[in-house]
Amino acid sequence: MRRGAVFYVLEVLTVERIWTTELADHVGERVLLKGWLHRLRQLSHVTFLVLRDAQGTAQIVIDDTQLAAQLAALQAESLLSIQGEVVAEPQAPGGVEIHQPQIEVLVAVQEPPPLELFRPTLKAQLPTILDHAPVALRHLRQRAIFQLSSAAMNGFRDTLRARKFVEIQTPKIVGAATEGGANVFRIDYFDRSAYLSQSPQLYKQIMVGVFERVFEVGPAFRAEPHDTPRHINEFVSLDAEIGFIRDHFEVMALLAEVLRGVFATMQQEAETALAQLKVQLPMLPETVPTLHFSEALELVARETGADVTQAVDLSGADERVLGTWALREHNSDFVFVWGYPTQQRAFYTHPDPERPFYSRGFDLIFRGLELVSGAQRLHRYEEYLTALAVRGMPTESFVGYLEAFRHGMPPHGGFAIGLERLLARLIEAPNIRETTLFPRDLTRLTP
RNA sequence: GGGGAUGUGGUGUAGAGGCCUAACAUGCAACCCUGUCAAGGUUGAGAUCGCGGGUUCGAAUCCCGUCAUCCCCGCCA
């Protein structure tokens, strides 16, 4: 009995907090909301307070002039805890609002925010937004981008897990550069030098020898000193690798499935964010248009009249031409190009057995931008020794990696999706920094 | 790594040798307005025009340097 009494008292004292988006389900009840002071609109005898929480916003109506005066002294983004009655009101945004509020100020902010968060779009230049990221990210549109990002990572994980892939985390401090290139960050590691991982490539291949199918969601670091709208020096790589494949086409089919899963999850989990950003989910047909590298060159030559048939790689402009072509001719936002010259690709790329000049490496171009790189990899120890020797790379840097191949690895392949690039093309942001929480580039190391 | 452009109140812009003691919008402050929803109205505060040097009687404006930012190419996710 005494227990029951205690419970009762607690229930009265602690009204459960609800989200601003749940008001419609609580009409006639007294509820508790918590969040940020988004906007205050004062009229002569009534004041409207817009409260923002992680899910959305709600309007609170204040008739009490004394309370209104107290609130007017607060700056935007002050933290509030509000209890009040939920009333259905056709004039209210969303049809419901809070009346007769009791307001507790949790944090009284002293200065106005550097950006106007209450406006439908953030009216500031990208550098200003990035400089003030801790505040700018609170804008409904900005945060919608990263709700999409979260859904994308979920979709990637769910699709692969459903196919028996195992999620792994590989080291980001590594002893040797993955591709042997110069564009790696060197760090002090006790008395030695080490590097920040450019890619989980070598480790995920090793792990194919354990789990056959692995994936990783993690950062990749590139020390390339380029300042472009599509590069950052730290990005999130959505990596997958699968064993016992016949050829790279199986990897490409898997990639298309994964992207379908990513978009489906976005639709499910981030519908509001998609609507807020006015995103059109991309056209990803059952059969994604697929070109061999040499066909891609011919197509570019035909489309533009430029003589590129001797080229060994596709330029950014070429990729845009292919993107336009795929949309026009195949109603697809995606186009695969495979068979890039073996010399152009990383040492672990499997050559095309028919024409070894070309490889079984592919790129997936999304709306004219290289979004994914992938390939069938070499899987025989001897092939690795030859590939490294041809490129003049020392085997000593790859001892652990090569051990996996000495002890038997299946034919395998995989890919890496750039998360920020995926989002940037999806929302048609002109700069990748717009879809990066806290971008790291040539000059930006904070915030 | 190569090339091009731009830096003006908190934010977004205008001004392109003297009209600038720097304009407009928005934010901020004060007041007014019974329902706003990017509210509206009146008044006010807020910028040594990125920084350093030069040309000129006179520089936000022209020149040089420097720093920052943005764009294109190369390379990549």
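Here is what the cut-offs are and how they apply
Residues numbered from 1 in each chain as written. Chains lettered and ligands numbered in written order. Predicted model: local features only at pLDDT ≥ 70, side-chain atom pairs only at ≥ 80, totals over all residues. Heavy atoms only, no water. Helix = DSSP H or I, 4+ residues; strand = E, 2+ residues; numbered from the N terminus. Buried < 20%, exposed > 50% of the residue type's maximum accessible area, 1.4 Å probe, protein only. Contact = heavy atoms within 4.5 Å. Areas by Shrake-Rupley, 256 points an atom, 1.4 Å probe, with all protein chains shown as cover. Pairing = 2+ DSSP bridges. Near = heavy atom within 4 Å. Polar contact = N/O pair within 3.5 Å; in protein donor to acceptor, adjacent residues only side chain to side chain. Nonpolar A, V, L, I, M, F, W, Y, C, P; charged D, E, K, R; others polar. Domains from an automatic or database assignment. Buried area = accessible area lost by both parts, 1.4 Å probe. Salt bridge = Lys/Arg side-chain N within 4 Å of Asp/Glu carboxyl O. Axes fitted to C-alpha atoms, helices over the stretch in contact; angles between N-to-C directions. Arc of directions from axis to C-beta.

Colleague: In this structure, what is going on with the overall build of chain A? I would like to understand it.
Modeller: Scanning chain A from N- to C-terminus turns up 13 helices and 16 strands. Expressed as lengths along the three principal axes of its C-alpha atoms, the size of chain A is roughly 80 × 60 × 40 Å. In chain A, which comprises 447 residues, the share counted as buried stands at 48%. For chain A, restricting intrachain contacts to residue pairs at least 6 apart in sequence, the fraction spanning at least 24 positions comes to 65%. Summing over all exposed atoms, chain A offers an accessible surface of approximately 22,600 Å²; the carbon and sulfur share of this is 52%.

Colleague: Any chance you could explain the pairing of strand 14 (residues 361-366) here in plain terms?
Modeller: The side chains of a regular strand alternate between the sheet's two faces. Of all six residues making up strand 14, six are buried, and the element is well covered by its neighbours. Judged by which residues are buried, strand 14 turns out to be covered on both faces: G361, D363 and I365 on one side and F362, L364 and F366 on the other are all buried. Bridge count for strand 14 against strand 15 (residues 369-377) is six bridges, and the pairing is antiparallel. By the bridge assignment, I365 is partnered in strand 15 with E370. The loop that links strand 14 with its antiparallel partner strand 15 comprises two residues; one of these, R367, has a positive phi angle of about 50°.

Colleague: Just to check I follow, could you spell out the protein's contact with RNA strand B for this structure?
Modeller: The full set close to RNA strand B counts 48 residues, and R41, S44, E116, R230 and R421 are the nearest of them. Side-chain polar atom of R39 to a phosphate oxygen of RNA strand B: 3.0 Å apart, as the coordinates give it. A distance of 3.1 Å is found between a base oxygen of RNA strand B and a backbone nitrogen or oxygen belonging to Q91. For the surface near RNA strand B, the elements supplying multiple residues, two or more each, are strand 1 (30-42), helix 3 (126-131), strand 15 and strand 16 (412-418). Examining the composition of the surface near RNA strand B, we find that four residues originate from one element, strand 15, more than from any other. Tallied by class, residues from the surface near RNA strand B come to 18 nonpolar, 16 polar and 14 charged.

Colleague: Just to check I follow, could you spell out unusual backbone geometry for this structure?
Modeller: Negative phi is the rule for most residues except glycine; trans is the rule for most peptide bonds. In the Ramachandran plot, Q100 falls in the positive-phi region, its phi being about 50° despite a non-glycine side chain. Mapped onto the secondary structure, Q100 falls in strand 5 (residues 96-107).

Colleague: Before we go on, may I ask you to explain the domain arrangement of chain A in this structure?
Modeller: How big an interface is tends to be stated in terms of accessible area lost as the parts join. Domains assigned within chain A are domain 1 (16-107) and domain 2 (135-435). Each of domain 1 and domain 2 has a C-alpha centre, and the two are 46 Å apart. Taken together, the contact between domain 1 and domain 2 spans nine residues of the former and four residues of the latter. Summed over both partners, the interface of domain 1 with domain 2 buries about 420 Å², with 43% contributed by carbon and sulfur atoms. Broken down residue by residue, the surface that domain 1 buries against domain 2 is led by R52, A54 and E77, which jointly contribute 62%. There are one salt bridge connecting domain 1 and domain 2.

Colleague: What is the right way to read the sheet that holds strand 12 (residues 290-292) from this model?
Modeller: Across a sheet, strands are paired by hydrogen bonds formed along the backbone, either parallel or antiparallel in direction. An order of 6-10-11-16-15-14-13-12 is seen for the eight strands of this open sheet, with the pairing classed as mixed. Of all strands in the sheet, those with a lone pairing partner are strand 6 (166-167) and strand 12, marking the two edges. Its contacts with the sheet place helix 6 (residues 201-211) against strand 6, strand 10 (213-221), strand 11 (234-243), strand 15 and strand 16, and it is angled at close to 30° to strand 11.

Colleague: Would you mind showing me how to read helix 11 (residues 381-390) here?
Modeller: Of the residues making up helix 11, those classed as buried are Y384, A387 and L388. Along the axis of helix 11, the buried residues cluster in a sector spanning 95°; they form a single face. Opposite the buried face of helix 11, by more than 90 degrees, sit the exposed residues E382, A389 and V390. Looking at the packing, one finds that the buried side of helix 11 touches helix 6, strand 15 and helix 12 (399-406).

Colleague: Would you mind going over the pairing of strand 9 (residues 192-196) with me for this structure?
Modeller: Taken together, the two bridges between strand 7 (residues 173-174) and strand 9 define a ladder with antiparallel strand orientation. Bridge pairing links I173 to L196 in strand 9. Strand direction decides the pairing type here: strand 8 (residues 186-189) and strand 9, joined by four bridges, are antiparallel. Along strand 9, the bridge assignment pairs I187 with A194. Turn length for the strand 8-strand 9 hairpin, with the two strands adjacent in sequence and antiparallel, is two residues, and the turn residue F190 shows positive phi of about 50°.

Colleague: Looking at this model, I keep getting lost on the environment of L437. Mind explaining?
Modeller: Along the chain, L437 turns up in the segment after helix 13 (419-426). Here L437 falls in the partly exposed class, since its relative accessible area comes to 41%. L437 sits 116 residues away from V321 along the chain, and the two C-alpha atoms are 30 Å apart. The contact partners of L437, leaving out residues within four places of it in the chain, are A133, L137 and F146.

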